[in-house]
Amino acid sequence: MERVDFGRLLTAMVTPMTKTGEVDYQAAANLAKRLAKSGSDGIVVSGTTGESPTLSKSEKEKLFHVVVEAVGGEAAVVAGTGSYDTAASIELTDIAQRAGADGIMLVAPYYNKPPQEGLYQHFRAIAESTSLPVIIYNIPGRTGVNILPSTLARLAEIENIVAVKEASGDLNQVAAIRSLCPTDFLIYSGDDSLTLPIMALGGVGVISVAAHLVGRRMKEMIEAFASGKVETAEQINRELSPLFKALFITTNPIPVKAALNILGQRVGGVRLPLVELSPEEEKKLRSVLVQTGLMN
């Protein structure tokens, strides 16, 4: 298949909730539209930031349809369909494809900690079940397993596995991925704060949390770096760095949902086992929102 370019800035979208804890589909459509208009080339639906582990299959299916309808043609829609169950991931991938998603993102299987061969066979089985382009998501801090560069290199040989969201925090690993994988295999930072270092090692951009709040500025930073305006990119990175840190003062997506609510973008709360910010954490977050000019 022809290699797909999802763009340089994708937002891992939160899943808005009502006051009673149900998915707010209208708010999801509105948020997706706003992200598409504020710099996001693509939107990841039902990823970790979207609280995918606590969304039912039917909720995910409706979210895929709602977001595709809201921004199809304006931004790429990437459906989070990965889990620790290969068969269930294949089923959800089929649902996403029929909903009109432009691609899928597959997180490393969590909790069951497969060996590298198990990881390869898991991702291969899902990729071979679909014609959609696939982004692999490596986040060892959440999954308990690291997808090694050598395993990614094998996976990159599969025609529709086109990218990785790399959130190991290990820049040596990013360099190894770039060295071992084809030049058209896309590497996205999975951490806002490591976007520029990963781009310096051959990455294409970021799958972002902060872009919910500063999408246009993130896009400016990425495009500046890509066009050789390194000092401009570094300046924007320094400006946004306090926000990057504040959005991870506790488990994502608790802080970003709180920030959106504080700024008047009502996305509701989080589902258990996640809980709201503590008063002290909210105070710190508000301070950074003021510091970065997002809130008076």
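Just so we're clear, the structure is a prediction, and the values are computed from it rather than from any experiment.

**Re the environment of Val-77**
Residue placement: Val-77 occurs in strand 3 (residues 76-80). Along the primary structure Val-77 and Ala-88 are separated by 11 residues, whereas in three dimensions their C-alpha atoms are 20 Å apart. Excluding its chain neighbours within four sequence positions, the residues that come into contact with Val-77 are Ile-43, Val-45, Val-67, Val-68, Val-71, Ala-101, Asp-102 and Gly-103.

**Quick look at the packing of aromatic side chains**
On inspection of all chains with the given rule, the structure shows one aromatic pair. Looking at Lys-62, its charged tip hangs above the ring of Tyr-25, at a distance of 4.5 Å from the centre.

**A look at the pairing of strand 5 (residues 134-138)**
Strand residues, when the strand is regular, have side chains that alternate between the two faces of the sheet. Burial runs high along strand 5: five of the five residues are buried. Taking every second residue as pointing to the same face, both faces of strand 5 are buried, with Val-134, Ile-136 and Asn-138 on one and Ile-135 and Tyr-137 on the other. Sheet topology note: the strand 4 (residues 103-107)/strand 5 ladder contains four bridges and is parallel. Note that in strand 5 the partner of Leu-106 across the bridge is Ile-136. With respect to chirality, the unit in which strand 4 leads through helix 4 (residues 116-128) into the neighbouring parallel strand 5 is right-handed. Pairing geometry for strand 5 and strand 6 (residues 161-166), over five bridges, is parallel. Pairing of Val-134 across the sheet is with Ile-161, part of strand 6.

**Brief notes about the pattern of salt bridges**
Summed over all chains, the structure comprises 12 salt bridges. Here Arg-98 and Asp-94 are joined by a salt bridge, their closest N and O atoms 2.9 Å apart. Highlighted residues: Arg-98 and Asp-94, both in helix 3 (residues 86-99), separated by four residues, approximately one helical turn. Between Glu-128 and Arg-124 there is a salt bridge, and its shortest N-O distance comes to 3.8 Å. In this pair, Glu-128 and Arg-124 are both assigned in helix 4, four residues apart and thus about one turn of the helix distant. When salt bridges with common partners are traced through the structure, they connect Asp-41, Lys-219 and Glu-223 into a single cluster.

**Focus: the sheet that holds strand 8 (residues 205-208)**
Read once around its circumference, the closed barrel built from eight strands follows the order 1-2-3-4-5-6-7-8, with strand pairing classed as parallel. Between one strand axis and the next, the sheet turns through 25° on average, direction left out of account. Here helix 2 (residues 57-71) sits on the sheet and contacts strand 2 (42-45) and strand 3; the angle it forms with strand 3, its principal contact strand, is near 170°. Contacts from helix 9 (residues 211-226) reach strand 1 (9-12) and strand 8 within the one sheet, and its direction differs from that of strand 1 by about 160°.

**Here we look at the packing of helix 1 (residues 25-37) against helix 9**
When two helices pack together, their arrangement is captured by the angle between the axes and the distance separating the axes. Between helix 1 and helix 9, whose axes approach to 9 Å, the crossing angle comes to 20°. By the angle between their axes, helix 1 is roughly parallel relative to helix 9. The crossing of helix 1 and helix 9 is left-handed. Here Leu-31, Arg-34, Leu-35 and Lys-37 of helix 1 come into contact with helix 9, specifically with Ala-211, His-212 and Arg-216.

**Observations concerning the environment of Ile-262**
You can see Ile-262 is positioned in helix 11 (residues 254-262). C-alpha of Ile-262 to C-alpha of Glu-282: the two residues are 20 residues apart in sequence and 9.6 Å apart in space. For Ile-262, the residues in contact, after removing those within four places along its chain, are Glu-282, Leu-285, Arg-286, Leu-289 and Met-295.

Criteria and cut-off values
Residues numbered from 1 in each chain as written. Predicted model: local features only at pLDDT ≥ 70, side-chain atom pairs only at ≥ 80, totals over all residues. Heavy atoms only, no water. Helix = DSSP H or I, 4+ residues; strand = E, 2+ residues; numbered from the N terminus. Contact = heavy atoms within 4.5 Å. Phe/Tyr/Trp six-rings, centres within 6.5 Å; stacked < 30°, edge-to-face > 60°. Lys NZ or Arg CZ within 6 Å of the ring centre and 35° of its normal. Buried < 20%, exposed > 50% of the residue type's maximum accessible area, 1.4 Å probe, protein only. Pairing = 2+ DSSP bridges. Right-handed = clockwise from strand over helix to strand, strands pointing away. Salt bridge = Lys/Arg side-chain N within 4 Å of Asp/Glu carboxyl O. Axes fitted to C-alpha atoms, helices over the stretch in contact; angles between N-to-C directions. Parallel < 35°, antiparallel > 145°, perpendicular 65-115°, else oblique. Left-handed = near helix turned anticlockwise from the far one by under 90°.

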